Amino acid sequence: MILFSAAPHFAWSDDVTNTTVSSENEYWPGSGLEIPGTGFKIGGYATVGNRADLSQPQSREFGLNDFSLLMHWEGEGKLRFFSELDFQQLLTLDQGSNITQHASVDLERLYADYMYSDKLNFRAGKFLTPIGRWNVIHASPLEWTTSRPLITEYMFPTNVTGGMVFGTVPALGKEVDYSGYASSQTDWGTAPNVEPFNDARGMHAIISVNDDSELGVSFAEFDQQNTTFEPHKELLGLDYYWSRNGYEISAELAYRSSGLGGLYNESGLYVQGVIPLSNRWYAISRYEYYDRPVLQASVNLFLAGVAFRLTPGTLLKAEVSHATQNQPWVTDGFLTSIALLF
Amino acid sequence: MLRIYTVQSCLLASLMICPLISWATDEPIAVVAYAGHTNELKKEDLVRIFKRKKLFWQDGSRIHAVNLPVTNPLRLVFSQAVLGATPNEMAAYWNDQYFHGISPTFVLSSEEAVMRFVADTPGAIGYVSLCNIHTKIDVLLWVGAGHVLDSAPDYDCHK
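Please read all numbers here as calculations on a predicted model, not as lab measurements. (Residues numbered from 1 in each chain as written. Chains lettered and ligands numbered in written order. Predicted model: local features only at pLDDT ≥ 70, side-chain atom pairs only at ≥ 80, totals over all residues. Heavy atoms only, no water.)

### Describing the overall build of chain B
Okay, so step 1: For chain B, the helix and strand inventory stands at four helices and eight strands.
Okay, so step 2: Sequence-ordered secondary structure for chain B, helices as α and strands as β, is β-β-β-α-β-α-α-β-α-β-β-β.
Okay, so step 3: Taken over 159 residues, chain B has a buried fraction of 51%.
Okay, so step 4: Of the contacts made within chain B by residues no fewer than 6 positions apart, 64% connect residues no fewer than 24 positions apart.
Okay, so step 5: For chain B, the exposed surface amounts to about 7900 Å²; the carbon and sulfur share of it is 54%. (Helix = DSSP H or I, 4+ residues; strand = E, 2+ residues; numbered from the N terminus. Buried < 20%, exposed > 50% of the residue type's maximum accessible area, 1.4 Å probe, protein only. Contact = heavy atoms within 4.5 Å. Areas by Shrake-Rupley, 256 points an atom, 1.4 Å probe, with all protein chains shown as cover.)

Below you can see the structure in the form of structure tokens.
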């Protein structure tokens, strides 16, 4: 790996005593650690959490749910590199304090960017599928709840291995962030419970409606591995985000059609609101709907929670959720977690 | 000179709330850059530069943006006028960017350092107090009265 210094060259004379680099450029939790003179920066995030099924109090689990290592490099030129290694369920204790074996490690992301211009950039490798909003920012310290909206977890593979073009272009008097991607090969480092893309093409575009809100649209057509009986799927999604003075509203809805039609079509949405209770306390509520006819599931999920921002990179969360149908793939009950960036 | 005042004014009536009034200096801020990019920058570009979304000048050269420390009053004024948020309020945005491997804008400790850096580094851009400029550098935009201005404000540096 060729190493370059990412720090700009400071050409001032030594007798100017007030030109020292600010402490903001030094390490603090949530900033990542820069390896001097190389351009590499390492960091990550971790989540420790607890889950209890309210209908089965004996089924309680606690553990180190997520531990991700991030590494990125950016030089003076047009190249940029990023990787994320994700360790899941490293340590899980059940109600009887028995250590359960669910640990897995996954190459979540590994890609290189060539930044041709602000309007056009190229990415190659494994990256997060640019569908909706939640999936591309799904790190636990960045999300208000421990649980993840169902449609962002089950309706499409969360990662793509392939290529992408992306950038920002002027349109309709505003700026539009766009991305277009394609994949036609085996996923790198597949996590055990994911059906990765076998062949995929898609796009995502976000437009700033005003200073407070963004509207996005996603489209994808894809095949998935291990689903050869269901040859082709198409997905259309919308996402919306508004925030002001700590208040937030976010929503996504998606419809996925299958080449087999009928029972294999899926649809769903979530709407989430955040209210600041104080400088650091927040109240969260979320409603979800997910219709999966092939599983005879039409789930309505209601969530209420609170979050406390201990530091800018550390979030304590507690939530209770209830789903109208008891599906094994739906996580509801009482969940708490501590999520931190490091 | 940069002056920051924090004033507590109390009204005589015991039932009335005593407001805490604070404001930053009225001296404008100059957005300065290495030579060659005059007439190229708009406010929207400035926002994108300091959010690290715009990385290149029109000629394709790399933009090197620098901030002042969060403890510097100029940083607070600039952040509110340009980004519409204080540095603390920008923390969530930079956390999101961190997840994608994008670091915040680099920070220099003083206006003097900013001026020297901008004067000597091709592609550099920063901001300093209008009346503190003593190096031959381009001024692209101005920040005054909480807004980004396209033309130089009428301000007497000698008062």
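### Let's talk about the confidence of the model for chain B
Residues and elements named next belong to chain B.
Okay, so step 1: With 84% of its residues at a pLDDT of 70 or more, chain B has an overall mean of 81.
Okay, so step 2: Within the model, the stretch residues 1-24 combines pLDDT values under 50 with 35 contacts to residues more than four positions away or in other chains.
Okay, so step 3: Both confidence scores are given for the complex: pTM 0.84, ipTM 0.83. (pLDDT = per-residue confidence, 0-100.)

### Points about the state of the cysteines
Residues and elements named next belong to chain B.
Okay, so step 1: Enumeration according to the criterion identifies one disulfide over all chains in this entry.
Okay, so step 2: A sulfur-sulfur distance of 2.0 Å marks the disulfide that ties cysteine 131 to cysteine 157. Its S-S torsion of approximately -80° makes the covalent link between cysteine 131 and cysteine 157 left-handed. One end of the pair, cysteine 131, is in the loop between strand 6 (124-129) and strand 7 (138-144); the other, cysteine 157, is in the segment after strand 8 (147-149), with 26 residues separating them in the sequence. (Disulfide = S-S within 2.5 Å.)

### Description of the interface of chain A and chain B
Okay, so step 1: Counting residues at the interface gives 50 residues for chain A and 33 residues for chain B.
Okay, so step 2: The junction of chain A with chain B conceals about 3300 Å² of combined surface from both sides, 53% of it contributed by carbon and sulfur atoms.
Okay, so step 3: Breaking the side of chain A that touches chain B down by element, the ones donating at least two residues are strand 2 (40-53), strand 3 (56-74), strand 4 (79-93), strand 6 (104-114) and strand 9 (174-183) of chain A.
Okay, so step 4: Element by element, the count of residues in the side of chain A that touches chain B is highest for strand 2 of chain A, at four residues.
Okay, so step 5: Among the residues forming the side of chain A that touches chain B, the class breakdown is 19 nonpolar, 19 polar and twelve charged. (Buried area = accessible area lost by both parts, 1.4 Å probe. Nonpolar A, V, L, I, M, F, W, Y, C, P; charged D, E, K, R; others polar.)

### Side note on unusual backbone geometry
All names here are of chain A.
Okay, so step 1: Despite not being glycine, leucine 172 has its phi angle at roughly 55°, a positive value.
Okay, so step 2: Although it is not a glycine, glutamine 296 sits at a positive phi angle of roughly 55°.
Okay, so step 3: Positionally, glutamine 296 belongs in the loop between strand 15 (281-292) and strand 16 (297-311).

### Looking at empty space enclosed by the protein
Okay, so step 1: Within the structure shown, the criterion is met by two cavities of 30 Å³ or more.
Okay, so step 2: Taken as a whole, the largest cavity holds about 70 Å³ of empty space.
Okay, so step 3: Surrounding the largest cavity, Ile131, Gly132, Ile151, Thr152, Met155, Phe156, Ser218, Gly237, Leu238, Glu252, Leu253 and Ala254 of chain A form its lining.
Okay, so step 4: Elements represented by at least two residues in the lining of the largest cavity include exactly helix 1 (150-154), strand 12 (233-244) and strand 13 (247-258) of chain A.
Okay, so step 5: The residue makeup of the lining of the largest cavity, split by class, is seven nonpolar, four polar and one charged.
Okay, so step 6: His72, Arg80, Phe81, Phe82, Tyr111, Asp113 and Arg123 of chain A together with His100 and Gly101 of chain B are the residues that line the second largest cavity. (1 Å grid on protein atoms, 1.4 Å probe; cavity = no way out; pocket = protein on both sides within 12 Å on 5 of 7 lines; lining within 4 Å. Points joined across faces, edges and corners; volume = space filled by probe spheres on them.)

### Points about the sheet that holds strand 6 of chain B
All names here are of chain B.
Okay, so step 1: In space, the six strands of this open sheet follow the order 5-4-6-3-7-8, with mixed pairing throughout. The open sheet has two edge strands with one neighbour each: strand 5 (106-107) and strand 8.
Okay, so step 2: Pairing analysis gives two bridges linking strand 4 (residues 64-67) to strand 6, with the strands arranged parallel. From the neighbouring strand, histidine 64 faces strand 6, where its bridge partner is alanine 124. (Pairing = 2+ DSSP bridges.)

### Re the environment of isoleucine 133 of chain B
Okay, so step 1: Here isoleucine 133 of chain B lies in the loop between strand 6 and strand 7.
Okay, so step 2: Isoleucine 133 of chain B has contacts with Ala30, Val32, Met115, Val128 and Val139 of chain B, leaving out every residue within four places of it along the chain.

### Side note on a nonpolar patch on the surface
Residue and element names in this part refer to chain A.
Okay, so step 1: A contiguous nonpolar patch, built from Met203, Val217, Phe219, Leu236, Leu238 and Leu253 and spanning about 480 Å² of accessible area, is present on the exposed surface.
Okay, so step 2: Elements that contribute at least two residues to the nonpolar patch include exactly strand 11 (213-224) and strand 12.
Okay, so step 3: Take leucine 238: it is sitting in strand 12.
Okay, so step 4: Given the relative accessible area of 43%, leucine 238 is considered partly exposed. (Patch = residues over 30% accessible without salt bridge, like charges linked within 9 Å, V, L, I, M, F, W, Y side chains within 5 Å. Salt bridge = Lys/Arg side-chain N within 4 Å of Asp/Glu carboxyl O.)

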